[in-house]
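What the coordinates show
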Amino acid sequence: MKWGALHVEDNKRVVREFCDHFSKSNADGLIDAMTDDATWWVNGKPHLFPSSGTKTKEEAAKMFRNMLSAYTDGLDMQIVSIIGEGDIVAAEARSHAMTKAGRVYENEYAFLFTIRDGKISKVREYTDLLHVLEVFG
């Protein structure tokens, strides 16, 4: 199937809106933006980093709620660059947040999103898990 430029721009808009939900601490918006069968994969070895590996939508929802509850005012997620082709959108992003424990969390990400029918069906997240461990233990 051939995808037009408008379709790709719609998919990039879905990703931009998704990332905005982090800044607003809107876990429900994050969850609602995903298909029922969505998966979220994070780089790393699951036996070393509990957030790594593949998560179902329900597991990702729990992860979002736990993560967002740790910040004083959301996780500012800024998209640095974004490209798309067909149903795939790749985004480079940077985050900034202050934890309720008074620590600064700043990380960098490469995300690969798969969009289906205007919702996110698959995410591959590459990030610095050692920084996550450093800030959150």
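Definitions and cut-offs
- Residues numbered from 1 in each chain as written.
- Predicted model: local features only at pLDDT ≥ 70, side-chain atom pairs only at ≥ 80, totals over all residues.
- Heavy atoms only, no water.
- Helix = DSSP H or I, 4+ residues; strand = E, 2+ residues; numbered from the N terminus.
- Buried < 20%, exposed > 50% of the residue type's maximum accessible area, 1.4 Å probe, protein only.
- Contact = heavy atoms within 4.5 Å.
- Core = buried A, V, L, I, M, F, W, Y, C linked by side-chain atoms within 4.5 Å.
- UniProt positions renumbered as here; feature names shortened; annotations may be inferred.
- Pairing = 2+ DSSP bridges.

The protein goes by Ketosteroid isomerase-like protein in an unreviewed UniProt entry, where it is assigned to Neorhizobium huautlense.

As a further point, take the environment of Leu-68. Looking at the element boundaries, Leu-68 is found in helix H3 (residues 57–69). Residue classification places Leu-68 among the buried positions, given a relative accessible area of 7%. Through-space distance from the C-alpha of Leu-68 to that of Lys-24 is 9.3 Å; in sequence the pair is 44 residues apart. Leu-68 has contacts with Phe-22, Ser-25, Asn-26, Ala-27, Leu-30 and Leu-75, leaving out every residue within four places of it along the chain.

In terms of nonpolar packing, the biggest core is built from 36 residues, with Phe-18, Phe-22, Trp-40, Phe-64, Leu-75 and Phe-113 touching the most fellow members. Residues in contact with Phe-18, not counting those within four places in the same chain, are Leu-30, Ala-33, Met-34, Trp-40, Phe-64, Phe-113 and Ile-120.

Turning to the UniProt feature "domain: SnoaL-like" (unreviewed entry) in the protein, a few remarks are in order. Taking the UniProt record as the reference, the feature "domain: SnoaL-like" (unreviewed entry) is found at residues 15–122. The span residues 15–122 shows a helical share of 26% and a strand share of 47%, and its end C-alpha atoms are spaced 12 Å apart.

On to the pairing of strand E4 (residues 88–98), then. Residue alternation in E4 divides its side chains into a buried set, Val-89, Ala-91, Ala-93, Ser-95 and Ala-97, and an unburied set, Ile-88, Ala-90, Glu-92, Arg-94, His-96 and Met-98. Here 9 bridges tie strand E3 (residues 76–85) to E4, and the two strands are oriented antiparallel to one another. Within E4, the position partnered with Ile-79 by the bridge is Ala-93. Between the antiparallel neighbours E3 and E4 lie 2 residues, among them Gly-86 with a positive phi of about 60°.

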